[in-house]
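Structural features, examined
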Amino acid sequence: MVRDNFVKESIYPLHEWNIIEENFDVETNYLDETIFSLGNGYIGMRGNFEEGYNGPSDTSVEGTYLNGFYETHPIKYGEPAFGYAKNGQTMLNVTNSKIIKLYIDDEEFNMFSGNLVSYKRILSMKKGTLTRDVIWESPKGKKVNIKIKRFISLANKHLASINYEVVPLNFSGKITIASALDGDVKNLQTENDPRVGSALEHQPLTLEDKFLSDSLGIIVQKTPNTKFTLVCGMENELKTTCNFSKENKEIEQRVENKYIIDATEGEKIVLNKYITYYTSRDYLDDELIPKAKETLTIARKKGFEKNLQEHIEILNKFWEHADVEIKGDKALQQGIRFNEFHLLQSVGKDGKTNIAAKGLTGQGYEGHYFWDTEVYIFPFFLYNYPKIARKLLEYRYSILDSARKRAREMAHKKGALYPWRTIAGEECSAYYPAGTAQYHINADIIYAVKKYIEVTEDMDFLLKYGAEMVFETARLWADLGSYIPKKGNKFCIDSVTGPDEYTAIVNNNFYTNYMAKMNLEFGYDVANLLKDKYLDVYNRIKEKINLEEDEIYEWKKAADNMYLPYDEELDIYPQDDNFLEKPVWDFENTPKENYPLLLHYHPLVIYRHQVCKQPDVLLAMYLYSDEFTKEVKKKNYDYYEPVTTHDSSLSTCVFSILASEIGYNDKAYKYFMHTARIDLDNYHNNSQHGVHTACMGGTWMSVVNGFAGMRVEKGQLKFNPYLPNNWDGYRFRIMFKGRRVEVNVDRENVTYKLLDGKPINFKHGSKSISLTDDEMVKVPIEHN
Ligand code: BGC
C-alpha cells in the first residue's frame, strides 16, 4: 500500500547542493543533529553545537563515533536458552572533541540565552563542510558575529577540524574562547523502542592518561571489556591581532585550552582546532600517542584551509563519479545527493569495518552492520567505487572465523553462519526470531560476492577471499536443509525468517530458499572454476577447510532440488509454506498512528497475519530479475503490495524499482519520493537516531535500476530507461568491468557515452549498443 503520509512538506528549504537551516528550532534540533552530521567513514560527528546544548534533554543527543570502535556487554535475558547471542557490541559515543565555548566577559554564549539576531547553518555536500553563521546579542547587549566551519577529512581518516571566528560588533572588551576535549561521555540506553540505545549503563570509557600544554590536549581512554585504547587529541591555534593570555584547565576526563582576549570592536578572532582520533583497533598501544601528535603537528603546519582543500579535492572526485543529476526536481536532487553524501561519510574503507545501518550519525541499532550493506548499499559502491566495494567484502572475510564459530554453536557440523547484526563478527541479535533466524544473510553476502566478480572481474578477490566464503556458506545451506518426502523429496529449509520481519520462523521462505539455491549453485560453479583453472588455490582452500569432493555435488543436488513454494490458484509465489493460510491484516481498521506495527502490537499478533514489513518474494525477483518474467513480477507485486506496510526503510526502493519495471510509473515515482527523502523529511519519525543508510543506497538503485532499468545479467549490462513525468532529465555514470559509462536520459532519448576504458557492448531495451572511445550514442527510449 502507498500510505499517504509519503509526500510531506520539506523541513529544509530545497537546494541542490546544500541543506540549509534558516532558523534555530528546538522542535527539530534532535533531527537536525543527524541531518547535519559529518563523517569520513571512520570518524562521525553529529551536528551538535560547539558550545553545547542547554535545551530540553530529549531534544538533543551529543555524539561522536568511530567506525568499528565498540564495547561489549553481556546480553541479559529473562529466560535464556542455549545458543542465544551472549554479548552485545555497541559502537561507542567517544570523547567529545567539538567543544568550543565562548564568553563575552562572564556571559556564556549559547542558543538559549540572550538574543539570536540571525542564524544560518549550511551543510555543503559539495565541500563536505558544516558552517554556522550567527549574530548573537548577549543578555547585557553585547553583539558578536560567530562563524564556524567544521569538516572531517576525507583525505586523512584521523583528522577533523573546526575553524571558529568571532567578531565583536558593538564593543571592545574581554572575550574568552575555551576549546576542550571531554571524555565523560555516554551512550543512550534502550528504553521502549528496540531500535534505539544499548544496554551499556555507565560511562564505558575509563581514563588512562591525559596531557595538556598551551595548545595541545590529549585524552587516553580504555574500554573495560574489549580492552581497546582510544586516543583523542586536539591542537588549538589562535589567530588574532589583539592581546591575549592563555589558561589551561584539566578536570577529571576533560582538558581545556582557554584564550582570554582583549578584543577590539570589528577585529576578527580566529581559533583553528585540529582534532584527531587513534585507536588500538588500528595501531599498537605505543604508537597511538605519537601518531596523534604527528597528525596534529602536520595539520597545524598545513593550516585549516590547506587541509580543507585536500578534503574537498577528494569530494570533487567523488561527485565526478557518483553524482546523479536530476533535472527539474530540486527536492529529489537534494535528496539523492544527501543520500550519496551520507553513504560516503559512513562507509568503512579499511576491510576491517563496514557501514552501519545508521552510518556514523546516531546510536540507532548500536552501530551494527546488517545485510543492509550487501543488498542495499553495496551496489552504489560497486558501480561507483569498486575498490570500496571490495573492502566491504573483505570485512566479511575478516569475520569468517566468527561465522564458522557461530555455525558450530547453531549445531551445524560444517560451514559458516554470518551474524544477523554485529560490529566485530559475533552475533549480537538478542531477538532471534528476527535476528539469527534470518539465515538469508549468508546468501546476501554471497550475492554481493557474485555481483562483485561479475562487474569487476577481480579474480584476485575470488581466489584470496571470495571462494572460501562461498564454500563455507554453501556448506551451511547443505547442512541446514533436508529432502522432505511430503514435499516431493525437494530440498526444504525450515524454521528461518526471511527479510520480511513481520513473519517469523517459517518453513521454506521463498526468498531464503531462492537465495540459498543461488549460493549453492555458485559454490558448485566456483569449485569447478578453481579446479579447472586455479588448482593450487582450490587445493589450498580444500585443505584449509577440509572440503570433501562429495560436498560439491551435494551443493549442486540441493540447488537443483530446492523447494520453492508456488500457489497454483493465485499463480504467485507464497512467501513461505503458510503465509497464504493466514488472515490478511485488518488494514482498514488500523489507525495511522499504529504504524509502525512493531511498536503497537505484540510480535505474535503480527506474525499470525498476512502483513509484510518489507518485500521478500519481490526482493528475490528484483535481485534475480532475469529469472522471472514481467508478468510474474506483476502478479506477485499486485498481491504483495496491498499487504506491505513499508514499516522498514528497506521497503520502498524495491517497490519503486519493480514498479518501474512493470510499468507502474506513478507508483515508482511515489515510492521513490519517499525513498529519496526519508531522512530529510523524517518519514519514519526516527531519523533523529541516525540516517537510514540502506534506504540511501536504495535511492541510487531506484534511479539506476528503477528508472534507468539497469541490470547485469550473466555478465551482460542492460539498460531500459524512461523519464519520470515530473523531470526534465537525469544523468549518472557507472563503472563496469573497468569502463566508465555515462547515461543521460531526456524525454525522448538516451545518450550513452564511454568516459573511460575499452570499447563496450551492452543492451538498450532490445537494441545492442557498442561504445568506443569518447563516442556518444543517442537512442530513443524503449521503455513501456
Ligand atoms: C529491517 C531489517 C534491517 C534493519 C536494519 C529493520 O527494520 O526490517 O531488514 O536489516 O532494520 O536496517
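Residues numbered from 1 in each chain as written. Predicted model: local features only at pLDDT ≥ 70, side-chain atom pairs only at ≥ 80, totals over all residues. Heavy atoms only, no water.

Glancing now at the sheet that holds strand E23 (residues 716-719). In space, the four strands of this open sheet follow the order E22-E23-E27-E28, with mixed pairing throughout. Of all strands in the sheet, those bounded by a partner on one side alone are strand E22 (711-713) and strand E28 (767-771). Here the strands of the sheet are splayed against their neighbours by 35 degrees on average, with no regard to which way each runs. Where strand E27 (residues 760-764) and E28 come together, five bridges link them in antiparallel fashion. (Pairing = 2+ DSSP bridges. Helix = DSSP H or I, 4+ residues; strand = E, 2+ residues; numbered from the N terminus. Axes fitted to C-alpha atoms, helices over the stretch in contact; angles between N-to-C directions.)

Among the secondary structure elements, glycine 233 is positioned in strand E15 (residues 229-239). Residues glycine 233 and phenylalanine 24, 209 residues apart in the sequence, show an inter-C-alpha distance of 30 Å. Setting aside anything within four residues of it in sequence, one finds glycine 233 in contact with Leu181, Gly217, Ile218, Tyr274, Ile275, Thr276 and Leu296. (Contact = heavy atoms within 4.5 Å.)

This part is about the nonpolar core. Counting residues in hydrophobic clusters, the biggest one holds 226 residues, and the most contacted among them are Tyr376, Phe381 and Ile734. The contact partners of phenylalanine 381, leaving out residues within four places of it in the chain, are Leu343, Leu344, Val347, Ile355, Pro386, Ile388, Ala389 and Leu392. Judged by nonpolar contacts, the second largest core, of 15 residues, contains Val220, Phe304, Leu308 and Ile312. (Core = buried A, V, L, I, M, F, W, Y, C linked by side-chain atoms within 4.5 Å. Buried < 20%, exposed > 50% of the residue type's maximum accessible area, 1.4 Å probe, protein only.)

On to the UniProt feature "active site" (unreviewed entry) in the protein chain. Within this structure's numbering, the places UniProt gives as "active site" (unreviewed entry) are Glu501. Mapped onto the secondary structure, glutamate 501 falls in the loop between strand E21 (490-492) and helix H10 (510-533). Once residues lying within four places of it in the same chain are set aside, the contact partners of glutamate 501 are Trp420, Ala434, Gln438, Tyr607, Lys613 and Gln614. Only 2.7 Å separates the side chain of glutamate 501 from the side chain of glutamine 438, close enough to count as a polar contact. (UniProt positions renumbered as here; feature names shortened; annotations may be inferred. Polar contact = N/O pair within 3.5 Å; in protein donor to acceptor, adjacent residues only side chain to side chain.)

This part takes up the site of the ligand. Surrounding the ligand, one finds Ala357, Tyr365, Phe370, Trp371, Asp372, Trp420, Glu501, Lys613, Gln614, Ser648 and Leu650. Contact between the ligand and tyrosine 365: an oxygen atom at 3.1 Å from a side-chain N or O atom of the residue. Lysine 613 places a side-chain nitrogen or oxygen 2.9 Å from an oxygen atom of the ligand. Protein contact buries 94% of the 310 Å² of open area that the ligand shows by itself. Counted by class, the shell around the ligand contains six nonpolar, two polar and three charged residues. (Near = heavy atom within 4 Å. Areas by Shrake-Rupley, 256 points an atom, 1.4 Å probe, with all protein chains shown as cover. Nonpolar A, V, L, I, M, F, W, Y, C, P; charged D, E, K, R; others polar.)

Next up on the list: the environment of alanine 527. Residue placement: alanine 527 occurs in helix H10. Along the primary structure alanine 527 and glutamate 581 are separated by 54 residues, whereas in three dimensions their C-alpha atoms are 40 Å apart. Setting aside residues no more than four positions away along its own chain, alanine 527 makes contact with Phe471, Tyr538 and Ile552.

Before going further, it helps to spend a moment on the packing of helix H7 (residues 400-409) against helix H9 (residues 459-480). The relative placement of two packed helices comes down to the angle between their axes together with the axis-to-axis distance. It is the contact of H7 with H9, at a shortest axis distance of 11 Å, that shows an interaxial angle of 10 degrees. On the basis of the axis angle, H7 is roughly parallel to H9. Between H7, through Leu400, Arg404 and Ala407, and H9, the contact on the second element is made entirely by Glu468, Met469, Glu472 and Leu476. Of the residues in the contact of H7 with H9, the class split is four nonpolar, no polar and three charged. (Parallel < 35°, antiparallel > 145°, perpendicular 65-115°, else oblique.)

Before going further, it helps to spend a moment on the environment of leucine 597. Inspection of the secondary structure assignment puts leucine 597 in the loop between helix H12 (549-560) and helix H13 (603-607). For the pair leucine 597 and asparagine 115, spaced 482 residues apart in sequence, the C-alpha to C-alpha distance is 43 Å. The contact partners of leucine 597, leaving out residues within four places of it in the chain, are Tyr502, Trp585, Thr590, Ile606, Val611, Thr645 and Asp647.

With that out of the way, let us pick up the packing of aromatic side chains. Here the structure, examined in full by the defined rule, presents 57 aromatic pairs. On the numbers, 5.9 Å between centres and 20 degrees between planes, the contact of tyrosine 383 with tryptophan 700 is stacked. Separated by 317 residues along the polypeptide, tyrosine 383 in helix H5 (residues 372-384) and tryptophan 700 in helix H18 (residues 693-707) bring together distant segments of the chain. Pair check on accessibility: tyrosine 383 and tryptophan 700 agree, each one buried. Consider the rings of phenylalanine 719 and phenylalanine 762, whose centres lie 5.6 Å apart with planes at 80 degrees: the pair is edge-to-face. One end of the pair, phenylalanine 719, is in strand E23; the other, phenylalanine 762, is in strand E27, with 43 residues separating them in the sequence. The same class applies to phenylalanine 719 as to phenylalanine 762, namely buried. Among the aromatic residues, those joined into a cluster by ring pairs are Tyr669, Phe672, Phe707, Phe719, Tyr722, Trp727, Tyr730, Phe732, Tyr752 and Phe762. Directly above the ring of phenylalanine 36 sits arginine 121, whose terminal nitrogen or CZ lies 4.4 Å from the centroid. (Phe/Tyr/Trp six-rings, centres within 6.5 Å; stacked < 30°, edge-to-face > 60°. Lys NZ or Arg CZ within 6 Å of the ring centre and 35° of its normal.)

What follows concerns the state of the cysteines. Under the defined criterion, the tally for this structure stands at zero disulfides. Cysteine 612 takes part in no disulfide bond, and the closest cysteine sulfur to it belongs to cysteine 653, at a distance of 15 Å. By relative accessible area, which is 1% here, cysteine 612 ends up buried. (Disulfide = S-S within 2.5 Å.)

In this structure the tally under the stated criterion is 59 salt bridges. The closest approach of N and O atoms between arginine 740 and glutamate 320, which form a salt bridge, is 3.9 Å. Linking arginine 740 in strand E25 (residues 739-745) with glutamate 320 in helix H3 (residues 304-322), this pair joins segments that are 420 residues apart in sequence. Among the ionic pairs, lysine 542 bridges to glutamate 549, the shortest N-O distance being 3.3 Å. (Salt bridge = Lys/Arg side-chain N within 4 Å of Asp/Glu carboxyl O.)

The next subject is the sheet that holds strand E2 (residues 38-39). Ordered by their spatial adjacency, four strands build an open sheet running E2-E3-E4-E5, and the pairing between neighbours is antiparallel. Every other strand in the sheet has two partners, leaving E2 and strand E5 (87-93) as the edge strands with one partner each. Pairing of strand E3 (residues 43-45) with strand E4 (residues 64-74), which is carried by three bridges, proceeds in the antiparallel orientation. In the sheet register, isoleucine 43 faces E4, and the bridge partner there is leucine 66.

Here we come to unusual backbone geometry. In the segment running from tyrosine 595 into proline 596, the intervening peptide bond is cis, with an omega of -5 degrees. Structurally, proline 596 is set in the loop between H12 and H13. One non-glycine residue, histidine 646, lies in positive phi territory at about 60 degrees. Inspection of the secondary structure assignment puts histidine 646 in the loop between helix H15 (630-640) and helix H16 (652-662).

Let us look at H7. Listed in full, the buried residues belonging to H7 are Leu400, Ala403, Arg404, Arg406 and Ala407. Down the axis of H7, the sector holding all buried residues measures 160 degrees, keeping them to one side. Along H7, the residues that are exposed and aim more than 90 degrees away from the buried face are Asp401 and Lys405. In this structure, the buried residues of H7 make contact with helix H6 (386-398), H9 and helix H11 (535-545). Backbone geometry just downstream of H7 places alanine 411 in the positive-phi region, at approximately 70 degrees. (Arc of directions from axis to C-beta.)

A few words on the side chain of asparagine 96. With respect to the helices and strands, the residue asparagine 96 is situated in the loop between E5 and strand E6 (100-104). You can call asparagine 96 buried: its relative accessible area is 12%. Excluding residues within four positions of it along the chain, asparagine 96 makes contact with Glu62, Thr64, Ala180, Leu181, Asp182, Val185 and Tyr277.

In this model helix H4 (residues 330-346) runs 24 Å from its N-terminal to its C-terminal C-alpha over 17 residues, within 8% of the 24 Å that 1.5 Å per residue would give. N-capping of H4 is provided by aspartate 329, with a side-chain oxygen placed 3.2 Å from the backbone N of alanine 331. (Expected span 1.5 Å × (residues − 1).)

Now for the packing of H4 against H5. Taken N-terminus to C-terminus, the directions of H4 and H5 make an angle of 90 degrees; their axes are 12 Å apart at the nearest point. As far as their axial angle goes, H5 and H4 are roughly perpendicular. Where H4 abuts H5, its residues Glu340, Leu343 and Leu344 lie against Ile377, Phe380 and Phe381. In terms of residue class, the contact of H4 with H5 is made up of five nonpolar, no polar and one charged.

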